[in-house]
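Next come the chains, spelled out residue by residue.
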Amino acid sequence: MKSQYLMGVDVGTQSAKVVIFDVDGQVICEGKQALRKMDIPAPLLAEHPDDDLWDALQIAFRTAMQKFHQQGRHANDILAMGVCIIRCCRVLLKANGELAYPVINWMDKRLNKPYEYIDAYQGVRYVTTTSGYITHRLTGEFKDTCANYIGWWPMDNDTLDWSTDPTAWQSCNLSREQVFDVVHPGEILGHITDSVAKKLGIPAGIPVIATAHDKAVEALGAGSLDEGVALISLGTYIGAMVHGHENVKDAKNFWPFQASIPNHYLYECMGVRRGMWTISWFRDQFGAAALADATDQGESIEELLNREAEKIPAGCEGLLTIHDWAPPSEAEFRKGAMIGFDGRHTRGHMYRSVLEGIAFTMKNHMDKMAAELKTPFKSLIISGGGANSDVFMQIFADIFGIPTRRNVMKGSAAIGCAINAGMAVGAFDSYEQATQKMVRMGETFMPNAENHSLYNALNQQVYRQVNQYLDPLFQHLSPLVDA
């Protein structure tokens, strides 16, 4: 029987990746290209330089296709591709679909407010998302998924289409003529154009399939469909989510978003902004000596830091990290902090404290969501590159006190893309069957009862109390240094 393939196109904050699967979930090959360092023109602003998303994605496509052909496989057997691009960004395009201004990243404070025209935006015809932009680059169509409009957009999450309420458009400073047409996840956005096919080395006419926002696609690709199973996505933004069946109104501790499964929803609580970025920051700023040690021992710096962190007792002997390197929109004055230093503390303590701080923060946000949903979490799935770390996986299990699993493929967004693509072209009978075929489960980490008890005490008595004491100080500090 002739082999058939699906492509998952996954562009995150730090890299662009193209993965080719067979329809049984086997990874055939992949191409990956790092994005360039973000432009920070002023405090709390963040832009992708030049046309970086598209430039990196082209390299990832060509790398994947070169590996694909080297294996003697045939490009005409690729059935479709699903496209998932970082959410909560703002893309301003000219009438011809080219960038009128650099892509504004989700970490930029301008995304906390509706679109507002300024002189620097001259020539803007369309206001769209990153997925809308990349879809146009691939297909020439001015179309986008309806499930990637989070924030200041007049999207009706009940009808899964643009709102018909004029006040919704007014509040977002947008008109219908400024935005793209939208389709549902699992539907065709367009087809690869001849010119793009030549650039990327793929056949013209391949269907490009809508997915959802990146975290929703990860949730689908991680296999977290059962009640009480939560996904924690370890990215530059660390999010936590569960699948739901209705657009819950007036939720206090989570947001209901459109899922990557049509007519389903995803419930997501507050996460950690610049979460995994903080780990990279620590490695890059304080890892020179660690790099030398790692080179001497024939291992990567990440392996060395994780090995050192594993030797540190739970709780880091009192060292706590507060993850506000990128503060939430409702408290822009907040900053990151490490507290509790004494003479016992080493590089390993600091690194483990960064990991524990992420897990503490996620537990506190997720506990509120679980209580509001009246559904306690019975297990976790961890996705993203951080799931490769055994010590990080054990920290999550110990802080939450529940079994914590990672999958064979840690980057589950590409799998979710392939599932949506396969559903669109009839490769699968249902999303449940697709998940069974495409998702490969990996190791499960069980909680250590003694560590869980200590973490609970630290969380209740210290970690949850930190903001009320630090906030007044940061409110004085911020205007002095962030002007």
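Since the structure is predicted, the reported quantities are computational estimates derived from the model, not experimental observations. (Residues numbered from 1 in each chain as written. Predicted model: local features only at pLDDT ≥ 70, side-chain atom pairs only at ≥ 80, totals over all residues. Heavy atoms only, no water.)

1. A look at the UniProt feature "domain: Carbohydrate kinase FGGY N-terminal" (unreviewed entry) in the protein
Residues annotated by UniProt as "domain: Carbohydrate kinase FGGY N-terminal" (unreviewed entry) correspond here to residues 5–118 and 119–221. Annotated as 17% helix and 30% strand, the span residues 5–118 places its first and last C-alpha atoms 45 Å apart. Strand forms 20% of residues 119–221 and helix 30%; the C-alpha atoms that close the span are 41 Å apart. (UniProt positions renumbered as here; feature names shortened; annotations may be inferred. Helix = DSSP H or I, 4+ residues; strand = E, 2+ residues; numbered from the N terminus.)

2. Topic: the environment of Gly186
Along the polypeptide, Gly186 turns up in the loop between strand E10 (181–183) and strand E11 (188–191). Separated by 233 residues in sequence, Gly186 and Ile419 place their C-alpha atoms 8.4 Å apart. Discounting residues that sit within four places of it in the chain, Gly186 has contacts with Ile209, Ala210, Asn420, Ala424 and Tyr431. (Contact = heavy atoms within 4.5 Å.)

3. Side note on the pairing of strand E1 (residues 5–11)
Counting buried residues in E1 gives 7 out of 7 residues, a clear majority hidden from the surface. Burial of E1 is two-sided: the residues Tyr5, Met7, Val9 and Val11 facing one way and the residues Leu6, Gly8 and Asp10 facing the other way are all buried. In this sheet, strand E2 (residues 15–22) lies alongside E1 in antiparallel orientation, the contact comprising 7 bridges. By the bridge assignment, Val9 is partnered in E2 with Val18. Linking two consecutive strands that pair antiparallel, namely E1 and E2, is a turn of 3 residues. (Buried < 20%, exposed > 50% of the residue type's maximum accessible area, 1.4 Å probe, protein only. Pairing = 2+ DSSP bridges.)

4. Observations concerning the UniProt feature "domain: Carbohydrate kinase FGGY C-terminal" (unreviewed entry) in the protein
UniProt's feature table lists "domain: Carbohydrate kinase FGGY C-terminal" (unreviewed entry) at residues 231–424, given in the numbering used throughout. Overall, residues 231–424 shows 43% helix and 16% strand. The separation of its end C-alpha atoms is 25 Å.

5. Re the domain arrangement of the protein
When cut into domains, the protein gives domain 1 (5–211) and domain 2 (224–407 + 448–482). With 20 residues of domain 1 at the interface, the matching set in domain 2 holds 20 residues. Summed over both partners, the interface of domain 1 with domain 2 comes to about 1800 Å²; 50% of that surface belongs to carbon and sulfur atoms. Considering only the side of domain 1, the residues that lose the most area to domain 2 are Trp106, Met107 and Asn157, jointly responsible for 28% of the buried surface there. With a shortest N-O distance of 2.6 Å, Glu268 and Arg87 are connected by a salt bridge. Between the two partners, domain 1 and domain 2, sit 8 residue pairs in polar contact (both at pLDDT 80 or more). Broken down by class, the residue content of the side of domain 1 that touches domain 2 amounts to 11 nonpolar, 5 polar and 4 charged. (Domains from an automatic or database assignment. Buried area = accessible area lost by both parts, 1.4 Å probe. Salt bridge = Lys/Arg side-chain N within 4 Å of Asp/Glu carboxyl O. Polar contact = N/O pair within 3.5 Å; in protein donor to acceptor, adjacent residues only side chain to side chain. Nonpolar A, V, L, I, M, F, W, Y, C, P; charged D, E, K, R; others polar.)

6. Observations concerning the nonpolar core
Ile232, Met362, Met366, Phe396 and Phe400 are the most contacted members of the largest nonpolar core, which totals 78 residues. It is helix H9 (residues 347–373) that provides the largest number of residues to this core, a total of 11 residues. No fewer than three residues from each of domain 1 (5–211) and domain 2 (224–407 + 448–482) sit in this core. Leave out the neighbours within four places in its chain, and Met366 touches Ala230, Ile232, Ala240, Cys269, Phe377, Leu380 and Phe400. Val11, Trp54, Met81 and Ile85 belong to the second-largest nonpolar core, a separate cluster that totals 50 residues. (Core = buried A, V, L, I, M, F, W, Y, C linked by side-chain atoms within 4.5 Å.)

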